Each structure stands twice: as structure tokens, then as C-alpha cells.
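So the chains spell out like this:
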Amino acid sequence: MGEFTLLNEIKKCRSKNIDILRNSNRFRVMCKDGENQISAYYFSCPVYRSTDNRMITLDFVQNENKYTFVGSNAIVVVGGKISISNAVGQVTLEGLNIAGIKKLMCKDIFGDIRNSLYCKNADEEIVLFPTCNGIALQITAKSEEILKRIKLTTDKKYTIWGNGRYSALMIEERQPFITVNSMCALNHFNSTIFPIFCYLNECSGGYDLDVKLNKTDSLQDKISYIFTIDLYAAKSIFDTTVESANPDMNNSYGSTAFIGNSSFFNEQWLFARIDPLQLLDLKYFSLKSALLYAKKYTDGQINLDILRMNTPWCSFGNTWNTKTESGTLINKVRLNKNYLCADITEVVRAMFLHNGEPDAGIVIKPERVEEGAAVIATADNYFTPQILEIKL
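### Observations regarding the overall build of the chain
Scanning the chain from terminus to terminus reveals 2 helices and 31 strands. The C-alpha atoms of the chain give a radius of gyration of 20 Å, which matches the 21 Å a tight globule of 392 residues would have. Along the longest, intermediate and shortest principal axes, the C-alpha atoms of the chain span 55 × 45 × 40 Å. Of all intrachain contacts in the chain linking residues separated by at least 6 positions in sequence, the fraction that spans at least 24 positions is 66%. Averaging the locations of the 43 positively and 43 negatively charged side chains of the chain gives two centres separated by 5 Å.

### Concerning the side chain of E124
Tracing the sequence through the fold places E124 in strand β11 (residues 124-130). Polar side-chain contacts of E124 include one of 2.8 Å to the side chain of K148. For E124, the contacting residues outside a window of four places in its chain are C119, I139, T140, A141 and K148.

### A look at the sheet that holds strand β5 (residues 66-70)
An order of β4-β5-β6-β7-β8-β13-β19-β18 is seen for the 8 strands of this open sheet, with the pairing classed as antiparallel. The open sheet has two free edges, formed respectively by β4 (61-63) and β18 (197-203), since each of these has just one partner strand. For this sheet, the mean inter-axis angle between neighbouring strands, taken without regard to orientation, is 25°.

### Points about the packing of aromatic side chains
Taken as a whole and assessed by the stated rule, the structure comprises 16 aromatic pairs. Ring plane angle 10° and centroid distance 6.3 Å describe the contact between Y225 and F227, whose orientation is recorded as stacked. F227 gets classed as buried once you look at its relative accessible area, which sits at 0%. Summarising the aromatic geometry, the rings of W269 and W320 are spaced 5.1 Å apart at their centres and angled 65° between planes, so their arrangement reads as edge-to-face. Taken as a pair, W269 in strand β23 (residues 266-274) and W320 in the loop between β25 (304-309) and β26 (326-332) lie far apart in primary sequence, 51 residues in all. We classify W269 as buried; its relative accessible area is 9%. Through a chain of ring-to-ring contacts, the aromatic side chains of W161, Y166, Y232, Y253 and F316 assemble into a single cluster. We note R114 situated over the ring of F383; from NZ or CZ to the ring centre the distance is 3.6 Å. Over the ring of W313 we find R273, and its NZ or CZ is 5.0 Å from the ring centre.

### Quick look at unusual backbone geometry
Residue N53 is not a glycine yet carries a positive backbone phi of 60°. By secondary structure assignment, the location of N53 is in the loop between β3 (38-43) and β4. The partly exposed category is assigned to N53, whose relative accessible area is 39%. With a phi angle near 60°, N266 is a residue other than glycine that sits in the positive phi range. Along the polypeptide, N266 turns up in strand β23.

Here is what the cut-offs are and how they apply
- Residues numbered from 1 in each chain as written.
- Predicted model: local features only at pLDDT ≥ 70, side-chain atom pairs only at ≥ 80, totals over all residues.
- Heavy atoms only, no water.
- Helix = DSSP H or I, 4+ residues; strand = E, 2+ residues; numbered from the N terminus.
- Rg over C-alpha atoms; globule rule 2.2 N^0.38 Å.
- Contact = heavy atoms within 4.5 Å.
- Lys, Arg positive; Asp, Glu negative; His and termini not counted.
- Charge placed at Lys NZ, Arg CZ, Asp CG, Glu CD.
- Polar contact = N/O pair within 3.5 Å; in protein donor to acceptor, adjacent residues only side chain to side chain.
- Pairing = 2+ DSSP bridges.
- Axes fitted to C-alpha atoms, helices over the stretch in contact; angles between N-to-C directions.
- Phe/Tyr/Trp six-rings, centres within 6.5 Å; stacked < 30°, edge-to-face > 60°.
- Buried < 20%, exposed > 50% of the residue type's maximum accessible area, 1.4 Å probe, protein only.
- Lys NZ or Arg CZ within 6 Å of the ring centre and 35° of its normal.

This is the structure we're talking about:
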């Protein structure tokens with residue numbers, strides 16, 4: 001698939017060479033191609049650094065025996081331990097055997113080649129990837145019910161919030177300091193992708209992070225699993241999944257969705273809406289198209305509908321039991337090699353006309369009840385953020 005960089009992901013959407021234009025929005029990359037087509041690419045999380053407004057480079061810089069990465073507003077330092085910090089606070093990861101770690105280009109479990117830090121010991125293989133505001137840990141090891149326990153120490157006390165898909169340390173209600181997301185695992189025996197779960201529990205001097213398999217999963221000899229630890233940053237796209245298997249569960253900070261029908265979550269839908277304030281300075285342009293791209297982690301094909309929402313919904317209160325009724329069908333989802341693609345031109349055009357007023361957005365759900373799901377990144381994914389392409 002080639003090296004994963006933010007600009008390379010834009011090129012996968014556009015399939016043309018691009019020139020980057022000056023831009024004042026930290027979520028957005030403005031570009032022009034050889035035919036003078038101007039497009040705005042909004043990532044779901046900020047992709048410019050708050051310190052110097054330069055685009056994030058997903059790579060570690062070595063300084064003697066330490067490696068450093070600067071994300072949107074976070075600084076990651078990898079030495080004997082791993083620390084992640086910003087103006088709000090600092091978290092340190094303990095319990096990882098990363099002796100002898102070195103820089104290497106490695107492939108993630110989804111097939112993308114990335115800049116990384118790599119080490120291998122007797123029990124496991126560990127790869128550290130930078131995300132847009134933290135770090136992803138990919139570990140290959142023998143499968144057990146508890147895959148990994150890591151201790152997180154912080155410089156202040158936080159409230160724990162989460163549901164196993166994600167776990168967060170909260171500054172206050174609806175404002176995380178740090179989010180831990182259990183993305184998924186790869187079974188090396190049959191190349192299937194399946195969910196993992198993460199739980200934070202308070203312990204002496206910090207918090208224990210347990211990364212687990214579902215108790216009903218059959219244990220395989222070898223799996224690779226990936227989870228992320230990120231300092232929270234604002235979003236340009238708000239979304240959440242709801243599912244019939246857990247009808248009272250809200251998944252507002254979860255980074256991975258299994259849209260469709262699966263044995264893990266039964267029927268799952270994805271609700272999504274765009275922050276209207278991000279589009280205000282484009283309202284005088286003529287809109288040609290608006291496509292929402294979500295990274296696709298599996299090769300399976302499933303028929304998914306895009307429906308326009310008629311009534312508002314809350315990212316933090318939406319569940320299968322409380323979900324608002326969806327409105328009219330506006331398009332079908334396209335699934336290409338790399339991305340789920342949703343044509344939401346109708347929605348963005350209305351937002352251009354309404355001058356910053358909130359829009360109820362869309363819901364993506366299966367066309368019919370059938371076995372099969374598209375495993376994709378949500379807007380809370382710092383490892384492979386969603387991209388909104390607006391052609392002007």
C-alpha cells in the first residue's frame with residue numbers, strides 16, 4: 001500500500017499530484033492540482049502542530065538514546081519508558097519491555113508501511129507507531145485472555161470513563177485528558193480482523209491498563225493486536241456507533257466501527273455530523289462535491305446506505321435504544337481498496353447555505369440485515385483519521 005503519510009492519504013482519495021496552498025485551519029489541507037481544481041481536505045483531528053502550525057510528520061526523531069515525536073498538541077518521548085505530555089499534563093507508560101528499540105519502517109496489521117520504533121524479545125514483538133496526537137502499540141504475541149497490562153502514571157488524578165472499546169481519563173465531563181482505544185487484532189491463522197477491549201482501573205500510584213480478548217474468543221497461537229494512547233484533541237467530525245447487541249451503550253470516543261452485522265456487536269450503525277464552524281470560510285465558494293472517507297481495515301464487501309438525519313442527536317447520549325429515526329436515503333456507500341467513501345454533497349451544500357448553523361448529519365447503516373460488516377476508522381481515530389474531501 002506504500003508509506004502511510006497524511007499527504008499520501010490525500011493522494012489515495014484524489015489520485016492526482018497536488019500542490020499545497022496556504023491555510024489557517026489546523027484540521028484542513030488546501031490543495032490545487034494541475035487542472036487548477038481547488039479542494040479542501042478536512043481531517044477529523046488536527047493535522048497541524050499547535051506549537052508552530054507545521055503539518056504533523058508521522059516519524060520519530062532520535063536524540064542520543066531517546067526518540068521524540070511531536071503531534072497536534074502532544075509530545076511523545078520514548079527512552080527507557082514512554083511519556084506523552086502537553087500543557088494539560090503528562091502520562092508515563094510502564095511495563096513494556098522495549099530494551100534495544102530502534103527505528104525501522106514496519107507494516108501495520110492493515111498493510112500500510114509506517115515509520116516506527118521496533119523491538120523483539122523472547123515473548124513478543126513490539127512496534128510503536130506515531131499517531132496524530134500520541135502513540136499506537138502493535139504487539140505480536142501468543143494469544144491470552146489478558147493480552148497486555150501496562151501501568152499509566154499521571155501528574156494529577158482523573159476520573160475513569162469508558163466501555164471497553166475505549167477507556168479515558170477525564171478532566172471533566174465530556175473533556176478527556178487521554179483516550180485509550182482498543183482498535184482490533186489480526187488472527188495470523190486465518191487473517192481475520194476481530195475486536196479487542198481495553199480497561200483502565202485505578203491502582204497505587206496510577207492506573208492499570210488491561211488490553212483483553214473477549215472471553216468467548218478462541219485462543220490462537222499467534223495474533224497481532226493494536227491499540228492507541230492519545231492525548232485528546234478537538235474534532236472536526238463528530239460521530240458515534242450504536243449497536244443492537246449492547247442497546248444501552250454509547251461509544252462516543254471509540255475509534256473503530258464494525259458497520260453492518262457481526263457476531264461481535266450484531267447490527268451496528270454509524271451516526272456522523274460535521275462541525276459547521278470549520279466550513280464558514282468556504283461558504284462563498286461554489287461546491288462541486290463532498291465525500292467523507294473512513295479508512296477500511298478489511299477487504300469484505302457489504303451494501304451500506306447513507307441516510308440524511310432530520311432531527312438532532314447527541315454524540316454522548318445516542319444508543320441503539322435512544323437513537324433518533326433516520327431520514328431519507330441520499331446515497332449508497334462505496335467501498336474501495338483503502339476507504340469507505342460516503343457522498344454527502346447534499347449535506348455539505350445545505351451547510352454552506354445555513355451559515356454555520358448545526359446540521360443533523362447522516363447515519364450509515366446496512367441496506368438489509370445480513371451477516372457481514374465493514375471495519376472502519378471513526379472520527380475519533382488518531383491513527384487513521386477520517387477525511388472529508390470538499391471540491392470547490
